[in-house]
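Results of the structural survey
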Amino acid sequence: MIRVVATTPFDGQKPGTSGLRKKVQVFQQPHYVENFVQSLFDSLKEFEGETLVVGGDGRYFNREAIQTVIKIAAAAGFGRVLVGQGGILSTPAASAVIRKHEAFGGIILSASHNPGGEHGDFGIKYNIGNGGPAPEPVTDAIFARSQAITQYRISDAPDVDLDTQGITRVEDMVVDVIDPVEDYAELMGTLFDFDAIRDLFGAGFTMRFDAMSAVTGPYARAILEETLGAAPGTVVHGQPLPDFGGHHPDPNLVHAKDLYDLLMSDHAPDLGAASDGDGDRNMIIGRGRYLTPSDSLAIIAANAHLAPGYAAGIAGIARSMPTSGAADRVAEKLGVTCYETPTGWKFFGNLLDAGLATVCGEESFGTGSNHVREKDGLWAVLMWLNILAVRRQSVAAIVADHWATYGRNYYTRHDYEEVDAAAAEGLVADLRARLDTLPGSVLGGLTVEKADDFAYHDPVDGSVTTKQGLRVFFTDGSRIVYRLSGTGTAGATLRVYIERFEPDAARHDLDTQAALADLIAIARSLPDIEGRTGRSEPSVIT
Ligand code: G6P
Ligand code: ZN
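Residues numbered from 1 in each chain as written. Chains lettered and ligands numbered in written order. Predicted model: local features only at pLDDT ≥ 70, side-chain atom pairs only at ≥ 80, totals over all residues.

1. With respect to the site of ligand 1
We count it as follows: In this analysis, residues qualify as near a molecule or strand once their C-beta atom, positioned from backbone atoms, comes within 6 Å of it. Classification convention: Asp, Glu, Lys, Arg as charged; Ala, Val, Leu, Ile, Met, Phe, Trp, Tyr, Cys, Pro as nonpolar; all other residues, Gly among them, as polar.
Neighbouring ligand 1 are 14 residues, the closest being Trp345, Ser364, Ser485, Gly486 and Thr487. Class assignment for the residues of the shell around ligand 1 results in one nonpolar, 11 polar and two charged.

2. Some points on the nonpolar core
Looking at soluble globular proteins, one finds that nonpolar side chains tend to be buried together. Using the following cut-off: Connectivity within a nonpolar core runs through C-beta atoms within 7 Å, and the core itself is a set of buried Ala, Val, Leu, Ile, Met, Phe, Trp, Tyr and Cys residues. Whether a residue is buried, exposed or partly exposed follows from its count of other C-beta atoms within 10 Å of its own C-beta, namely 20 or more, 12 or fewer, or something in between, respectively; the C-beta atoms are built from the backbone. The split into domains, and so the bounds of each, comes from an automatic or database assignment of domains. It is the C-beta atoms, placed from the backbone, that decide contacts: two residues are in contact if theirs lie within 7 Å.
Ranked by internal contacts, the top residues of the largest apolar core, which has 128 residues, are Ile70, Ala73, Val81, Ala301 and Ile317. Here this core spans two domains, and each of domain 1 (2-180) and domain 2 (184-406) adds at least three residues to it. Residues within four places of Val81 in sequence aside, it is in contact with Leu52, Val54, Ile70, Ala73, Met173, Val175 and Asp176. Met321, Val419, Leu526 and Ile529 belong to the second largest nonpolar core, which has 29 residues in total.

3. Details of the confidence of the model for the protein
Spelled out, the test is: The quantity known as pLDDT measures the predictor's confidence residue by residue, on a range of 0 to 100.
Averaged over all residues, the pLDDT of the protein equals 96, while 99% of them reach at least 70. Both scores are given for the predicted complex: the pTM is 0.95, the ipTM 0.97.

4. Observations regarding the sheet that holds strand β16 (residues 337-341)
Stated formally: One bridge is not enough; two strands pair if DSSP finds at least two bridges between them. Secondary structure elements follow DSSP: runs of H or I of four or more residues count as helices, runs of E of two or more count as strands, with numbering from the N terminus. Fitting a line to C-alpha atoms yields each axis, with helices limited to the stretch in contact; the angle taken between N-to-C directions then spans 0 to 180 degrees.
Judged by pairing direction, the sheet is mixed, and its four strands sit side by side in the order β16-β15-β17-β18 without closing on themselves. Single-partner strands in this sheet number two, and they are β16 and β18 (366-369). Adjacent strand axes in the sheet meet at a mean angle of 15°, parallel and antiparallel pairs treated alike. Of the strand pairs in this sheet, strand β15 (residues 316-320) and β16 are connected by five bridges, and their pairing is parallel. Bridge assignment links Gly316 to a residue of β16, and that residue is Thr337.

5. Brief notes about the packing of helix α7 (residues 194-202) against helix α13 (residues 377-391)
In helix packing, the relevant descriptors are the interaxial angle and the interaxial distance, both defined with respect to the helix axes. Rule in force here: If an angle is under 35 degrees, it is roughly parallel; if it is over 145, roughly antiparallel; if it lies from 65 to 115, roughly perpendicular; otherwise it is oblique.
Remark: α7 packs on α13, axes separated minimally by 9 Å, with the N-to-C direction vectors making an angle of 70°. As the angle between them shows, α7 and α13 are arranged roughly perpendicular. Of the residues in α13, those in contact with Ala196, Ile197, Asp199 and Leu200 of α7 are Leu385, Asn386, Leu388, Ala389 and Val390. Classifying every residue of the contact of α7 with α13 by side-chain character gives seven nonpolar, one polar and one charged.

6. Details of the pairing of strand β6 (residues 121-128)
Most of β6 sits out of view: seven of its eight residues are buried. Here strand β2 (residues 20-23) pairs with β6 via four bridges, running antiparallel. Looking across to β6, one finds that Lys22 is bridged to Phe122. Pairing of strand β5 (residues 105-109) with β6 involves five bridges; the strand directions are antiparallel. Bridge pairing in β6 places Ile108 opposite Lys125.

7. Looking at the packing of helix α10 (residues 293-303) against helix α14 (residues 395-406)
One can describe the packing of α10 onto α14 by two numbers: an axis separation of 11 Å at closest approach and a directional angle of 85°. Classified by the angle their axes make, α10 and α14 are roughly perpendicular. Taking contact as the criterion, the partners of Asp295, Ala298, Ile299 and Ala302 in α10 are, on α14, Ile398, Val399 and His402. Residues that form the contact of α10 with α14 fall into these classes: five nonpolar, one polar and one charged.

8. Side note on the domain arrangement of the protein
The domains assigned to the protein are domain 1 (2-180), domain 2 (184-406) and domain 3 (408-541). In this structure, domain 1 and domain 2 have C-alpha centres spaced 28 Å apart. Contact with domain 1, which involves 29 residues of that partner, is made by 31 residues of domain 2. If you tally residues by element for the side of domain 1 that touches domain 2, the top one is helix α4 (residues 91-100), at six residues. Here the residues of the side of domain 1 that touches domain 2 sort into 11 nonpolar, 15 polar and three charged.

See the structure below:
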């Protein structure tokens, strides 16, 4: 039976960079999930009888939220729900399932790389029929609806057994519990040369994939170990846990430090890789060689033709604005366009749908292609394996060769996490107001060439997105970018992105922080980060 339940709006049900993300306790409030999901359905049209994909990264509260979504979807009139067994679907796998089954959309339960567990974060995001994150007009409409909601409709059917594959019903709606890996693994098999990768492992190639006790474990085991013949034990932390084993499932130099240390040690495997909570981020490390996501994007773009799915070449590259310009140099050589978008994978959707870009990447450990409409951690790993299988060189040799050809973009990001929100906003507002005065001024010995507040003009739908990051360019080609994170859940996070291009191959092996020391000092003093936030050092450096 469908019940109509009276409710009142909650403050702040506003989806951010990728969905609604809050502490678990916030989501556990009575009616909170119901309100948001009903507001979402209320703002969509013509989904009667259509298919909805549902799954999450396995974090605490995943199963409870999925049951609620299913019961509200049944009351709203969806015809079918495809839900990953155990409530599991990585973000890229959800995107693949939406596309393959031509679903109306999908709901992904995840707070990505944020910590999980009872006291951690939870999140709900909505993806549209192309498999990509809902664009801003959709999320704005959801938020507007959430502020006016007076009731929701929900089935009072018992919970669905999420652990058994197969079909059941909730009201008139079919619920199909599917293998969360199958569709995704099949897609990967069409893009990459699995035989060549199998030969690579057969020839003794070694790797460690750290699933960080999050969603990619089952995917990585099935594909790397069972299909491609990587040695058992290649995948570590392969069991998704509600609290991610107490770790922060974010593949970066801080939270995947063990992996980094292993790759820098004398018993390093050939390749190290990690993925985040929901499986869309990746970190790639070669033996003795860490790779920035910006460099990884550039090298993937330059070598993509080695993989069968990209043998015809790439139509274009897209990168988020704060991502380094390394990919631009590859695009130039390939004679294709490199698009520069605001932070957030959703901005790539139109470019991919229109066939303008084939590979995309962000400095925030996101890489992917037109095969789905999300960034895809395992895809990046498989792309690297495919490249390594064909070139039969070490990661370090491929990177050195790339820099020798294109030059090196030294790049670092300094994060000031959980700073006072008003202080961070004030810092950005004041610097924004001063941008016009900067060109021509000399800071720490470097002359400012231009300074602006990045705005994006979408070439496909003509929409304009403003205030996407303050950029200061210097006459030597260096760049500093400031922006506030759109994904934090406590206070504000100030991100400072620092970059310098180095054409001289004799200077390609410097320590990154040392190579950028002068710019780092300028980046701190220009907006007086310490004076305004009380922080003399960033909390995370990547
Ligand atoms: C998520 C989004 C990315 C974004 C990243 C960092 O992973 O999917 O598109 O680059 O967050 O965003 P932030 O606003 O925290 O810098
Ligand atoms: Zn993620």
